[in-house]
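# Structural characterization, general
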Amino acid sequence: MSATIAPPADAHASGPARETVRVALGERSYDILIGRGVSAEAGARAAALGARAVALVTDDTVADLHGEGVRARLEEAGLRCETITVPAGEGSKGYATLARVCDAILASRIERGDLVLALGGGVVGDLAGFAAAIVRRGVRFVQVPTTLLAQVDSSVGGKTGINSAHGKNLVGAFHQPSLVLADTALLDTLPARELRAGYAEVVKYGLIDDAAFFAWCEANGPAVLAGGPERERAVAHSCRSKAAIVARDEREEGDRALLNLGHTFGHALERLARYDPAILVHGEAVAAGLALAFRFSAYLGLCAPADAERVARHLAASGLPTTFGAFAGLAPDPERLLDAMAQDKKVVAGQLTFILARGIGASFVAKGVDVAAVRTFLARECAGEAPAPV
Ligand code: NAD
Ligand code: GLY
């Protein structure tokens, strides 16, 4: 199966392909620059935004690999740069690290006209973005995402925040970046497991409302994972999809909830795994969540079982988990999963909201989903049985 998606705008120009995607949000509009090497422009672009100083927030893994390079670009442009490093991993998305980052930004004398720059994956982006949202009641920030997941999803759209003991991303703010530099060359150092995990969020855009893009993923997924021009195309297409959704529903009052496809199951899985990367990482939970959302849709008679099988087949072929049983060390339990889902921020008046599908590329927000049906479905999935449609 193959499908055509638009190539990067300047694919035929000499030099490396690059593309700019605009997130159109009135006075909060900004550009996403996509391509190999675009982070070399960090200094010039930060200076053009009028900053004199930058607090560069990163994690210890990314600091070792890319921190000095970005810092050098900022200093070459005449900017004062303070690097703030947090431990790598989901554990940094909590109150203690947030407090430390906020104090470090203040200690580095970042003023309202200056910038916070998030250099890292979704953890650093969410954490640094939230710190930028609340320090001095809001300073501007720039995202330089270094994981595939962050380039196609978390760096775009302005959702920032941390986790609470009550659940994931439950404390946060909408704070749009002033610029996103999605330098695909930075992905060259990303471990294969993290690359695959980020690919789940790429596939998600096809499943939401773009069946042709899902078919393109089926044909080109291996090339996206291997690198090369297909990867840039996947990042650019994903950013265009997300930018369009965010432009029409910045604060998730409607359509934007579609971006949570697979996340009600995924977040519950992450909570059960206690965010332990030895069991799963975020994108892997999303991959299983996507497969579960389609199987649940088929179970409810909303979509053809063949569509659910096709989704699981592509995710599995990409090296991603699609069942509870795929996670070694996880003890899946329907009641604990339901309990974790009840903490999900999409609960309204005690009823569960899911993103379900009538088919590939035909997802919708389903409110008031019957908890008994969820329980039965989860029990069968936990037992490793294929749930028969209701
Ligand atoms: P992550 O930030 O933990 O990065 C994964 C790992 O890769 C880390 O160990 C990191 O140090 C390492 N790493 C990052 N870049 C690297 C590079 N270039 N080379 C080598 N190693 C590198 O995880 P993630 O998957 O990027 O992000 C997951 C987080 O994003 C979750 O907390 C999730 O809730 C959040 N998220 C937010 C949004 C949003 O809209 N704000 C959307 C999706 C996900
Ligand atoms: N990743 C979900 C959102 O940005 O809304």
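Quick caveat, the model's predicted, so the values are computed rather than measured.

Rules used throughout
- Along each chain, residue indices are assigned from 1 in the same order as the chain's sequence is written.
- Here every chain gets a letter starting at A, and every ligand a number starting at 1, in the order they are written.
- Note on the predicted model: pLDDT of at least 70 is required for a residue's local features to be given, and 80 or more for side-chain atom pairs to be given and counted; whole-chain, interface and lining totals, by contrast, use all residues.
- Hydrogens are left out, water is left out, and the side-chain values use all remaining heavy atoms of the structure.
- We call a residue near a molecule or strand whenever a single non-hydrogen atom of that residue lies within 4 Å of it.
- Under the rule applied, a polar contact is a pair of N or O atoms within 3.5 Å (in protein, one hydrogen donor and one hydrogen acceptor; residues adjacent in sequence only if both atoms are side-chain atoms).
- Using a 1.4 Å probe, accessible areas were evaluated by the Shrake-Rupley method; residue-level cover was limited to the displayed protein chains.
- Three categories are distinguished: nonpolar for Ala, Val, Leu, Ile, Met, Phe, Trp, Tyr, Cys and Pro, charged for Asp, Glu, Lys and Arg, and polar for the others, with Gly belonging to the last.
- The pairing criterion for strands is at least two bridges between them, as found by DSSP.
- Numbering of helices and strands runs from the N terminus, with a helix taken as a DSSP run of H or I at least four residues long and a strand as a DSSP run of E at least two residues long.
- Axes, fitted as lines to C-alpha atoms, cover a helix only where it is in contact. Angles between the N-to-C directions of the axes lie from 0 to 180 degrees.
- When checking whether two residues touch, look at their non-hydrogen atoms; a contact exists if any pair is within 4.5 Å.
- Note on aromatic contacts: the rings of Phe and Tyr and the six-membered ring of Trp form a pair at centre separations within 6.5 Å, being stacked when their planes are under 30 degrees apart, edge-to-face when over 60 apart, and tilted otherwise.
- Per-residue accessibility, obtained with a 1.4 Å probe over protein chains only, is compared with the maximum for each type, and a residue is labelled buried under 20%, exposed over 50%, and partly exposed between these values.
- Criterion for a salt bridge: a side-chain nitrogen of Lys or Arg within 4 Å of a carboxyl oxygen of Asp or Glu.
- Working rule for helices: expected span equals 1.5 Å times residues minus one.
- What the arc covers is the set of directions going from the helix axis to the C-beta atoms.
- Note that the term roughly parallel is reserved for angles under 35 degrees, roughly antiparallel for angles over 145, roughly perpendicular for angles of 65 to 115, and oblique for everything else.
- Helix crossings get a hand from a simple test, with the near helix turned counterclockwise from the far one by less than a right angle marking a left-handed crossing and a clockwise turn marking a right-handed one.

Every residue near ligand 2 is listed here: Asp 153, Lys 159, Lys 242, Glu 252, Arg 256, Leu 259 and Asn 260. In the environment of ligand 2, a nitrogen atom lies 3.1 Å from a nitrogen or oxygen atom belonging to the side chain of Asp 153. At 2.6 Å, a side-chain N or O of Lys 242 approaches an oxygen atom of ligand 2. Expressed as a share of its isolated accessible area of 200 Å², the protein-covered part of ligand 2 is 88%. When grouped by side-chain class, the residues that make up the shell around ligand 2 number 1 nonpolar, 1 polar and 5 charged.

The strands making up a sheet associate through hydrogen bonds between their backbones, and the pairing can be parallel or antiparallel. Spatially, the 7 strands line up as an open sheet ordered β1-β2-β9-β6-β5-β3-β4, and their pairing is mixed. Unpaired on one side and paired on the other, β1 (18–23) and β4 (80–86) mark the two borders of the sheet. Ignoring which end each strand starts from, the neighbouring axes of this sheet average 15° apart. In this sheet, strand β9 (residues 179–183) lies alongside strand β2 (residues 30–35) in parallel orientation, the contact comprising 5 bridges. Its bridge partner being in β9, Asp 31 is matched across the sheet by Leu 179. Helix α2 (residues 60–76) contacts β3 (53–59), β4 and β5 (115–120) of the sheet and is inclined by roughly 165° relative to β3. Across the face of the sheet, helix α3 (residues 95–107) comes into contact with β3, β4 and β5 while running at roughly 165° to β4.

Turning to the packing of aromatic side chains, a few remarks are in order. Tallied over the full model, the rule gives 8 aromatic pairs. On the numbers, 5.6 Å between centres and 10° between planes, the contact of Phe 213 with Trp 216 is stacked. In this pair, Phe 213 and Trp 216 are both assigned in helix α7 (residues 211–226), 3 residues apart and thus about one turn of the helix distant. Trp 216 matches Phe 213 in its accessibility class, with the two residues each being buried. Here Tyr 299 and Phe 377 contribute two aromatic rings whose centre-to-centre distance is 5.6 Å and whose plane-to-plane angle is 40°, an arrangement assigned as tilted. With Tyr 299 in helix α10 (residues 282–299) and Phe 377 in helix α13 (residues 371–382), this pair connects stretches of sequence that are 78 residues apart.

As a structural note, the neighbourhood of ligand 1 is formed by 27 residues, with Asp 59, Gly 122, Thr 146, Thr 147 and Thr 189 the closest of them. Note that a nitrogen atom of ligand 1 is positioned 2.7 Å from one of the side-chain N or O atoms of Thr 146. Contributing elements (two or more residues each) for the shell around ligand 1: α2, α4 (122–134), α5 (148–154) and β8 (167–174). If you tally residues by element for the shell around ligand 1, the top one is α2, at 4 residues. Classifying every residue of the shell around ligand 1 by side-chain character gives 8 nonpolar, 10 polar and 9 charged.

A side chain of one charge can pair with a side chain of the opposite charge when the charged atoms of the two come close. The final tally for this structure, using the stated rule, is 23 salt bridges. Here Glu 250 ties to Arg 28 by a salt bridge, and the two come within 2.5 Å at their closest N and O atoms. Note that Glu 250 is positioned in the loop between α8 (229–248) and α9 (263–272) and Arg 28 in the loop between β1 and β2, a separation of 222 residues in sequence. Residue class for Glu 250 comes out buried when judged on its relative accessible area of 14%.

On to helix α11 (residues 305–317), then. Taking 1.5 Å as the rise per residue, α11 with 13 residues should run 18 Å; its terminal C-alpha atoms sit 18 Å apart, in good agreement. Buried within α11 are the following residues: Ala 308, Val 311, Ala 312, His 314 and Leu 315. Along the long axis of α11, the arc covered by the buried residues comes to 160°, so they all point the same way. Projecting away from the buried face of α11 at angles above 90 degrees are the exposed residues Arg 313 and Ala 317. Gly 319 sits one or two positions beyond α11 and adopts a positive phi of about 80°.

Interhelical geometry of α9 versus helix α12 (residues 334–342) gives an angle of 115° and a closest axis separation of 9 Å. Taken together, the axes of α9 and α12 are roughly perpendicular relative to one another. For α9 against α12, the interelement crossing comes out right-handed. Taking contact as the criterion, the partners of Thr 264, Phe 265, Ala 268, Leu 269, Arg 271 and Leu 272 in α9 are, on α12, Arg 336, Leu 337, Asp 339, Ala 340 and Met 341. Taken together, the residues of the contact of α9 with α12 sort by class into 7 nonpolar, 1 polar and 3 charged.

Before going further, it helps to spend a moment on the pairing of β1. Residue alternation in β1 divides its side chains into a buried set, Glu 19, Val 21 and Val 23, and an unburied set, Arg 18, Thr 20 and Arg 22. In this structure, β1 lies alongside β2, joined through 6 bridges in antiparallel fashion. Across the sheet, the residue bridging to Val 21 is Ile 32, located in β2. Between β1 and β2, which pair antiparallel in sequence order, lie 6 residues; one of them, Gly 26, sits at a positive phi of approximately 60°.

We now examine unusual backbone geometry. Of note, the phi angle at Arg 136 is positive, near 50°, even though the residue is not glycine. On the accessibility criterion, Arg 136 (39% relative accessible area) is partly exposed. Notably, Arg 137 is not glycine yet its phi reads approximately 60°, a positive angle. Tracing the backbone shows Arg 137 in the loop between α4 and β6 (140–145).

These results come straight from atomic positions and should not be treated as a statement about function.
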